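# Fold and geometry: a report
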Amino acid sequence: MNDPDPMTQQAALAVAVATPVAGIYDYLAGPALDASRGSLVTVPFGRRHLPGIVMGPALGDVPMTKLRAVETLVKLPPLSDALVLFIERVAAWTMAPIGAVVKMVLSQPAAFGRPPQQKRYYYKIPEAGARLTVSRQKIIDYLAAQTLSQTPDDHKTLDEISPDTPGKTPSHTPSHVRSATGVIAAAVTAACGVSQAVLNGMEDAGLVRVELVSADQPPPALRHDLGHGVPRVTLTADQQKAAFHLRQAVGKGFRACLLDGVTGSGKTEVYFEAVEAAVAAGQQVLILLPEIALSAAWRARFTARFGVPPVEWHSDISPAQKRKSWRFVLQGRAEVVVGARSALFLPFSRLGLIIVDEEHEHAFKQEDQVIYQARDMAVLRGRLEQVPVVLASATPSLESWVNAGKTGLPARYDYLQLPKRVHNARLPDITAIDLRQTPPERGRWLAPPLVEAIEARLQAGEQSLLFLNRRGYAPLTLCGACGTKVTCPNCDSWMVAHRLAGRLRCHHCGHESSPSNDCKACGANDQMQACGPGVERLAEEVLFRFPESRFALLSSDTVGTPKAAEAFIRSVSDGEVDIIIGTQMAAKGHHFPHLTLVGVVDADLGLAGGDLRAAERTFQMLSQVAGRAGRESRPGAAMLQTLETENPVLVSLIAGDRDAFLAQEAAARNAAGMPPFGRLAAVIIASPHEDRLHEALRQIDVTRPQFDAVQIYGPAIAPIGFLKGKHRARLLVRADKGVNIQHILNDWLGVIKLPSSVRMQIDIDPYSFL
């Protein structure tokens, strides 16, 4: 009998590789023979070496003789079954390549390499009994004199070493050694004036004890018992009721809850109660925030409540810190993580609670690569992890409003309400300024009633906020002689003037150029004119009208990092600013105690166009920015400059009847079969070659399917037909609620062979229609 082929005796595994490919690939197990579903590996992929996740046994589509082998089984805990299933579900729902989702999860490949560097800590062994040289005696005396009051980076007690730290003192080590204070080598040699060789010799002779401790120390534990002396905030009756409900939900499986509270009602303090309950139960917590700028003020409140800051995860965090945090999350040593939408894909090992703050924010929608809605995917992950999910907002999304049963459909979410502000503060009075009746002067943007209101606040020592959701100085620059507009060479869009930076910028692709007063089209000199206001131009008017006031700009151009945002918020809270001029960043959850007036310069901005959610988004933004006023004892007011006082959005906002607006919006969407009462998907086709784009559109058009309860609109050139150097077209697919729209799209588009230069993206439940 022939000996069996050794190749047939080796197991093979299915691996999802961290690169944007749709398939799962078989590999010989190699060093990963003992791997299980969720194990992390590195594999050869073409000429590259990439991380991947073991998804299970090999699919068997390729003969074993043709398989390449896994290179490394990463020495980290496997991902949880719930997370692996989450990866599969996200890829299926978004119709993105599973490798692209895996790449988001394995976003820190540096964490898979060598273990973190280790520091050597030296400890005195009492009563060594040996005759010592002068240098050695100095070291013994120095180590004996060390106390816990020294610099934390220079010393460490063995009790601080985590259980999984390499070199941890064995359990049989005498207690007097385990409780001693250790000092790193650099501190010993510097203090004693000796070389490392002396220390090494003492170690060899057994005169000092050495422990290896990871240089990456986990974040400090939360003081959830409030033993650090910070008084607990006294909750109102409404807050207590909501907090009790959330605390009771922890540890009892999946349930989603909409926490609906007016601006200033203390939603954060309520869900902090649930955070405390989860951490006390030994679980990890994920808190999603929509903006980096929000995290500065939010972090201060968190630290005041729990004694230590949370682990942060967003684009401003350094790669080295992200590498550490990623490992700590996987190892279960990061208790609370607060981050942007990408934090949803962190590898929590004992996740117990997910909170989505400002759940209505459109910033939770990712528009490139894997296109997903983080709020919806957070609910999915909570369901798979069997943990509660809290969605908090003062202006809930229509989707969450419907799911909470507020439109008459069966409730899928719990509903908690905070109808009053804390500290007996009143909601601001909201009024409209009809620009048809009281327009500003020519070349100005602030109407007389708003100017008078600002003057009154300045005299009273109170602060005002002017809101205009438009960055830069002016959205358009054109020639006064021939009318030529300055446009981006890479996009069908205008170049925005940024006078503070002295640049023209495209807000779609980032292209920049220097401004010129001469027209490149007709050659006219000194004819280029700025049209329309941005926040920089508004600041120019504030300087002209209120020369003695102190004003500051709040936009992503002027406050671009968490540190800058923290400094800005501190200056406003300390009363160093009289007038804030801000974009949508000013509407994001800030608490300015002395702010009593909000002036919306253009309340109609955002209402025009064919955007499905234009009215909802405008209502939410204006409600949020108006809610910055009067959050303490002084009453607040919001004034909306508009040319459409009869617009239903503004009518509901001024009447303070949010529920009526949501009812109208729900009825309109339901009648049209639009989300959340129907299904919608966008197909975006792009190519740098216009002729190849049109050929792809012909292929798609001739294969269009016919289904009941499904309508296909397009293909047609996109509203922005040229973007980032590529020609673009779009299709829109609408289906009834019960239709599997992903299945239809896959059967239709999955068999079309597009040229390599043509890229197709699918956006399930699109938010952008450009």
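As a reminder, the structure under discussion sits directly above these lines.
Residues numbered from 1 in each chain as written. Predicted model: local features only at pLDDT ≥ 70, side-chain atom pairs only at ≥ 80, totals over all residues. Heavy atoms only, no water.

### Points about helix α19 (residues 690-702)
Under the 1.5 Å per step criterion, the end-to-end length of α19 is 19 Å for 13 residues, consistent within 8% with the ideal 18 Å. Regarding α19, the residues found buried are L693, A696, L697 and I700. Taken around the axis of α19, the buried residues stretch over an arc of 105°, which confines them to a single face. Facing away from the buried surface of α19 by more than 90 degrees, the exposed residues are D691 and V702. (Helix = DSSP H or I, 4+ residues; strand = E, 2+ residues; numbered from the N terminus. Expected span 1.5 Å × (residues − 1). Buried < 20%, exposed > 50% of the residue type's maximum accessible area, 1.4 Å probe, protein only. Arc of directions from axis to C-beta.)

### Topic: the pattern of salt bridges
Evaluated as defined, the whole model comprises 33 salt bridges. Taking the shortest distance from any N to any O, the salt bridge between E616 and R669 comes out at 2.7 Å. With a gap of 53 residues between them, E616 in helix α16 (residues 614-626) and R669 in helix α18 (residues 658-672) connect regions that are remote in the sequence. The two residues E616 and R669 agree in class, both being buried. (Salt bridge = Lys/Arg side-chain N within 4 Å of Asp/Glu carboxyl O.)

### A few points about helix α17 (residues 648-655)
Of the residues making up α17, those classed as buried are V649, L650, S652 and L653. Buried residues of α17, seen end-on, are gathered within an arc of 165° and therefore sit on one face of the element. For α17, the N-terminal cap is N647; the gap from its side-chain oxygen to the backbone nitrogen of V649 is 2.9 Å. Once α17 finishes, G656 follows within two positions and takes phi at roughly 70°, a positive value. (Polar contact = N/O pair within 3.5 Å; in protein donor to acceptor, adjacent residues only side chain to side chain.)

### Some words on unusual backbone geometry
With an omega of 5°, the peptide bond between P675 and P676 qualifies as cis. Structurally, P676 is set in the loop between α18 and β30 (678-687). Omega for the peptide link from G714 to P715 comes to 10°, which places this bond in the cis form. Turning to its location among the elements, P715 is positioned in strand β31 (residues 710-723). For E358, which is not a glycine, the phi torsion comes out positive at approximately 55°. If you trace the backbone, E358 turns up in the loop between β14 (351-357) and β15 (365-366). The class for E358 is buried, based on a relative accessible area of 10%.

### Digging into the sheet that holds strand β17 (residues 389-393)
What the 7 strands build is an open sheet, ordered β12-β13-β11-β14-β17-β10-β18; its pairing is parallel. Only two strands of the sheet have a single neighbouring strand rather than two, namely β12 (311-313) and β18 (414-418). Taking the axes of each pair of neighbouring strands and ignoring which way they run, one obtains an average angle of 20° across the sheet. The pairing of strand β10 (residues 256-261) with β17 spans 5 bridges and is classified as parallel. Across the sheet, residue C257 finds its bridge partner in β17, namely V390. Its contacts with the sheet put helix α7 (residues 237-249) on β10, β17 and β18, and the angle it makes with β18 is roughly 155°. In the packing of helix α10 (residues 319-330) onto the sheet, the strands contacted are β11 (284-288), β12 and β13 (336-339), and the crossing angle to β12 comes to about 115°. (Pairing = 2+ DSSP bridges. Axes fitted to C-alpha atoms, helices over the stretch in contact; angles between N-to-C directions. Contact = heavy atoms within 4.5 Å.)

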